[in-house]
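Chains, contacts and geometry: an overview
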Amino acid sequence: MSDDIAQALAYIDAAALKPVEIGLYSRAAVLSEEKDRGKYLGEPGKDGAATVGGTLVSVLANLTGQNRTDVANSLEFASRVAAKEAGDDDHTAAYWTEFKKSILQIGWFKQEDQWSKDFIDGQTTGAENFSDYVIDNVKGDPLYSTTEREVIIRALQSLRSQAEKRAFFRRFTAGGDKGSFGVNSATAVNGALAMRFSAFTFSCNAVVDDYLIFSIKNIKADVGKNNVDIAANQRTIDSIRSKIEAKLDKAAGDYIDSVDI
């Protein structure tokens, strides 16, 4: 066994995951039938999307069924670890720092990691809500390919139009005058699994009830954005898959829901 695999297995054993109470969408029913979180991301050959904690992940059609499972497993694991470690700071940069630390321990390696800052004045920004702001941001972001941008935007527009799906996502993204969510694309590049994501944090001058649809006309906010590009070490991911799935199954509750696109 290589050192990186041994280290990943030891990390998974020692990791503490934040438990989540069973809510409206229980993953238990689906997992008892499918035994596969990847099913939330749709079938191979088609674009798919799901919310995993505070991340909206969009997968391109070229991902295999196993790729989809690995993406869902990795995101749920890192999200639960980050929520546990960040505690009350789960809508700040601290959460995304813990998220990255975790995912880089379970078979992914970093290719790009860059923070930037912005300020929003709802009177002048031109965006009706924070999801509009994120869409405009993604449209001009060179991190993503044209295809990735289109799928991310389609997924975000679909999510915010579905009240129940949005309510589920809100559980992980709205914290009063602080909110945070990430958009993520997963694809295969020359046969290798890769993910790119942008995490947004919003520190506002007033309480925002829903960070997807709430009007920001009277809101001013400091915005943080973290662009990250990671790629999979498939050998490691193959070796730790069963360990991660066993760890996740010990955590009660639901954390993932599909989004129709």
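Position numbers for residues count from 1 along each chain, tracking the sequence in the order it is written. The predicted nature of this model means local features are confined to residues of pLDDT at least 70 and side-chain atom pairs, given and counted, to a pLDDT of 80 or more, with totals for whole chains, interfaces and linings taken over all residues. The side-chain figures draw on all heavy atoms in the structure; neither hydrogens nor water molecules are used.

A few words on the environment of Lys165. In this text, helices come from DSSP runs of H or I with a minimum length of four residues, and strands from runs of E with a minimum of two, each type numbered from the N-terminal end. With respect to the helices, strands and loops of the structure, Lys165 is situated in helix H7 (residues 163-173). As for Lys165 and Asp238, which are separated by 73 residues in sequence, their C-alpha atoms are 31 Å apart. At 3.5 Å, the side chain of Lys165 forms a polar contact with the side chain of Asp257. The term polar contact refers here to a pair of N or O atoms within 3.5 Å; inside protein, the definition further demands a hydrogen-donor-capable atom paired with an acceptor-capable atom, and it admits residues adjacent in sequence only when both atoms are side-chain atoms. Polar contacts involving the side chain of Lys165 include one to the main-chain carbonyl oxygen of Ser258, which spans 2.9 Å.

What follows concerns unusual backbone geometry. Residues other than glycine seldom take positive phi values, yet Asn190 does so here, at roughly 55°. Inspection of the secondary structure puts Asn190 in the loop between strand S5 (178-189) and strand S6 (192-204).

Expected helix span is taken as 1.5 Å per residue step, with the number of steps being one fewer than the number of residues. With 16 residues, helix H6 (residues 146-161) should reach 22 Å at 1.5 Å per residue; the first-to-last C-alpha distance of 23 Å fits that figure. Two residues qualify as a contact provided that any one of their heavy atoms is within 4.5 Å of a heavy atom in the partner residue. Close packing links the buried residues of H6 with strand S1 (48-52), strand S2 (55-59), helix H5 (130-139), H7, S5 and S6.

Another aspect to go through is the environment of Thr173. Note that Thr173 resides in helix H7. A sequence separation of 136 residues divides Thr173 from Arg37, and the C-alpha atoms of the two residues are 21 Å apart. Contacts of Thr173, omitting those with residues within four sequence positions, involve Gly54, His91, Lys178, Gly179, Ser180, Phe181 and Tyr211. Within the structure, Thr173 has its side chain in polar contact with the backbone oxygen of Phe169 (distance 3.1 Å).

Moving on, we get to the side chain of Asp70. For Asp70, the position within the fold is in helix H3 (residues 65-86). Only protein chains enter the accessibility calculation, which uses a 1.4 Å probe. A residue is then buried if its area is under 20% of the maximum for its type, exposed if over 50%, and partly exposed in between. Accessibility expressed as a relative area gives 2% for Asp70, which makes it buried.

Attention now moves to the nonpolar core. Definition of nonpolar core: a set of buried residues of the types Ala, Val, Leu, Ile, Met, Phe, Trp, Tyr and Cys, connected through side-chain atoms within 4.5 Å. Counting residues in each nonpolar core, the largest one holds 44 residues, and the members touching the most others are Val71, Phe77, Phe99, Ile103 and Trp108. No other element matches the nine residues that H3 contributes to this core. Aside from chain neighbours lying at most four places away, what touches Ile103 is Ser74, Leu75, Ala78, Trp108, Met195 and Ile230. Within the second largest apolar cluster, 31 residues are counted, among which are Val138, Ala174, Phe202 and Ala221.

Time to look at the packing of H3 against helix H8 (residues 234-249). Across the interface, H3 lies against H8 with an axial gap of 10 Å and an inter-helix angle of 60°. Classified by the interaxial angle, the pair formed by H3 and H8 is oblique. Between H3 and H8 lies a crossing whose hand is left-handed. When H3 is examined against H8, the residues Gln66, Thr69, Asp70, Asn73, Glu76, Phe77 and Arg80 are found in contact with a partner set consisting of Gln234, Ile237, Arg241, Ile244, Glu245, Lys247 and Leu248. Three residue categories are used. Nonpolar comprises Ala, Val, Leu, Ile, Met, Phe, Trp, Tyr, Cys and Pro, charged comprises Asp, Glu, Lys and Arg, and polar comprises the others, including Gly. Taken together, the residues that form the contact of H3 with H8 break down as four nonpolar, four polar and six charged. An axis is simply a line fitted to the C-alpha atoms; with a helix, the fit covers only the stretch in contact. Between two such axes, the angle follows the N-to-C directions and lies from 0 to 180 degrees. Oblique is the label for any angle not under 35 degrees, not over 145, and not in the 65 to 115 range, which are roughly parallel, roughly antiparallel and roughly perpendicular in turn. Less than a right angle of anticlockwise turn of the near helix away from the far helix marks a crossing as left-handed, whereas a clockwise turn marks it as right-handed.

Where H3 contacts helix H4 (residues 93-103), the two axes come as close as 8 Å, and the packing angle between them is 135°. Of the possible angle classes, the one that applies to H3 and H4 is oblique. In this structure, the crossing between H3 and H4 has a hand that is right-handed. Contact residues: Ser74, Leu75, Phe77, Ala78, Ser79, Val81, Ala82, Ala83, Glu85 and Ala86 in H3; Ala94, Tyr95, Glu98, Phe99, Ser102 and Ile103 in H4.

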